[in-house]
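# Structural description and commentary
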Amino acid sequence: MAATPEPQHPRHEALHARWRETVRRVRTTPEPDSGPYADDLLARWSEPQRRYHTLDHLAAVLHHLDALAAHADDIDTVRLAAWFHDAVYRPDRSENEERSAHLAERALSELGVDPARTAEVTRLVRLTVSHDPAPGDRDGETLCDADLAVLGGAPEEYAAYAAAVREEYGFVPDAAFREGRADVLRRLLTLPRLYRTPLGHDRWELLARRNLTTELELLTAATVGEPRE
């Protein structure tokens, strides 16, 4: 891992410190230095193609994990998964989670994290493809709820999120984007529960469903109003 760090983000130092502290807690040796791995990850999360999947998203997920920590079986493993879950991100590719999982496996092995914990991190990273943890998967529930917390934000926060997602997919024509995005929203709305942790469900479920429904209605209205060729 040898990427050159991007210019300092306002949260860069705080995130760097969080990474080092989490790694310190999960391994038994101080070598190798975990700092360069933080630099690489922060550089990845700062790449120019990102509009939503940025350092702000990473910081938000870690913040939500702090609130949901009591639900997890191993919160530090979940935190490591958060660091890696979108570490590889190209909106024009479909294998981002798989490549992120491979990056996690390589980096954590080099850092001396034990194989069982490393395997759990990679499992959790792959779980963010579906955001559908099995019943009783408390670590999976915790990570997925933290990752989807943005859906339950205030309407103006949700609107900013949706606009950022559209920017990331700026290469997709409007009609195709609306169709694909609407399919994603419908899939989410059919889930019996968006949030599996008690706190996440109580805090975000109702507002998330309202936000998703509003966006879907707007997308549908725009599609109906399109001129026919």
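Notes on the structure in this doc start here. Small disclaimer: the values here were computed from a predicted structure and weren't measured.

Criteria and thresholds
- Residues numbered from 1 in each chain as written.
- Predicted model: local features only at pLDDT ≥ 70, side-chain atom pairs only at ≥ 80, totals over all residues.
- Heavy atoms only, no water.
- Helix = DSSP H or I, 4+ residues; strand = E, 2+ residues; numbered from the N terminus.
- Expected span 1.5 Å × (residues − 1).
- Buried < 20%, exposed > 50% of the residue type's maximum accessible area, 1.4 Å probe, protein only.
- Arc of directions from axis to C-beta.
- Contact = heavy atoms within 4.5 Å.
- Core = buried A, V, L, I, M, F, W, Y, C linked by side-chain atoms within 4.5 Å.
- Salt bridge = Lys/Arg side-chain N within 4 Å of Asp/Glu carboxyl O.
- Polar contact = N/O pair within 3.5 Å; in protein donor to acceptor, adjacent residues only side chain to side chain.
- 1 Å grid on protein atoms, 1.4 Å probe; cavity = no way out; pocket = protein on both sides within 12 Å on 5 of 7 lines; lining within 4 Å.
- Points joined across faces, edges and corners; volume = space filled by probe spheres on them.
- Phe/Tyr/Trp six-rings, centres within 6.5 Å; stacked < 30°, edge-to-face > 60°.
- Lys NZ or Arg CZ within 6 Å of the ring centre and 35° of its normal.

### Some points on helix α5 (residues 96-110)
Between its first and last C-alpha, α5 extends 21 Å over 15 residues, near the 21 Å set by a 1.5 Å rise per residue. Every buried residue belonging to α5 is among Asn96, Glu97, Ser100, Ala101, Leu103, Ala104, Ala107 and Leu108, and all of these are buried. Seen along its axis, α5 keeps its buried residues to an arc of 160 degrees; they face one direction. The elements touched by buried residues of α5 are α2 (35-45), α4 (75-84) and α6 (115-127). Following α5 by one or two positions, Gly112 adopts a phi angle in the positive range, close to 85 degrees.

### Digging into helix α9 (residues 174-190)
The α-helix winds at 3.6 residues per turn, so residues separated by three or four positions along the chain end up facing the same way. Spanning 17 residues, α9 covers 24 Å between terminal C-alpha atoms, matching the ideal 24 Å at 1.5 Å per step. Those residues of α9 not exposed but buried are Phe177, Arg178, Arg181, Ala182, Leu185 and Leu188. Here the buried residues of α9 occupy an arc of 125 degrees about the axis, which is enough to place them on one side. Along α9, exposed side chains directed more than 90 degrees from the buried face belong to Glu179 and Thr190.

### Quick notes on the nonpolar core
As a rule of thumb, nonpolar side chains are buried together in soluble globular proteins. Grouped together as the largest cluster of nonpolar side chains are 62 residues, with contacts concentrated most on Leu15, Trp19, Leu65, Trp83, Phe84 and Leu151. Beyond its immediate stretch of four places on either side in the chain, Phe84 contacts Trp19, Leu41, Ser100, Leu103, Ala104, Ala107, Leu108 and Val125.

### Some words on the pattern of salt bridges
This structure, assessed with the given rule, holds 22 salt bridges. In this structure, the salt-bridge partner of Asp76 is Arg25, at a minimum N-O distance of 2.7 Å. With a gap of 51 residues between them, Asp76 in helix α4 and Arg25 in helix α1 (residues 12-26) connect regions that are remote in the sequence. Overall, Asp76 belongs to the buried group, its relative accessible area being 12%.

### Some points on the side chain of Glu141
Checked against the element boundaries, Glu141 lands in helix α7 (residues 138-148). In this structure the side chain of Glu141 is engaged in a polar contact, spanning 2.7 Å, whose partner is the side chain of His71. If sequence neighbours within four positions are ignored, Glu141 has contacts with His71, Pro133, Ala134, Gly136, Arg196 and Thr197.

### Focus on the layout of surface pockets
Roughly 810 Å³ of internal volume is contained in the largest pocket. Around the largest pocket, the lining comprises 31 residues; the ones closest to its centre are His53, Glu97, His131, Tyr169 and Val184. At the level of secondary structure, the elements contributing two or more residues to the lining of the largest pocket comprise α5, α7, α8 (155-168) and α9. The element contributing the most residues to the lining of the largest pocket is α9, with seven residues.

### A few points about unusual backbone geometry
If a residue is not glycine, its phi is most likely negative; likewise, a peptide bond is most likely trans. Omega for the peptide link from Glu31 to Pro32 comes to -5 degrees, which places this bond in the cis form. Tracing the backbone through its elements, the reader meets Pro32 in the loop between α1 and α2. Phi is positive for His131, close to 50 degrees, though the residue is something other than glycine. Relative to the helices and strands, His131 is located in the loop between α6 and α7.

### Some points on the packing of aromatic side chains
By the definition in use, this model includes seven aromatic pairs. By way of ring pairs, the aromatic residues Trp19, Trp83 and Phe84 are connected into one cluster. Arg50 extends its terminal NZ or CZ atom over the ring of Trp45, reaching a point 5.1 Å from the ring centre. Lying across the ring of Phe177, Arg166 places its NZ or CZ 4.3 Å from the centre.

### A short note on the side chain of His16
Along the chain, His16 turns up in helix α1. Excluding its chain neighbours within four sequence positions, the residues that come into contact with His16 are Gly35, Ala38, Asp39 and Leu42.

### A short note on the environment of Ser109
By the element assignment, Ser109 lies in helix α5. Given the relative accessible area of 47%, Ser109 is considered partly exposed. Beyond its immediate sequence surroundings of up to four residues, Ser109 is in contact with Ala104 and Thr118. A distance of 2.7 Å separates the side chain of Ser109 from the backbone oxygen of Glu105, its partner in a polar contact.

These results come straight from atomic positions and should not be treated as a statement about function.
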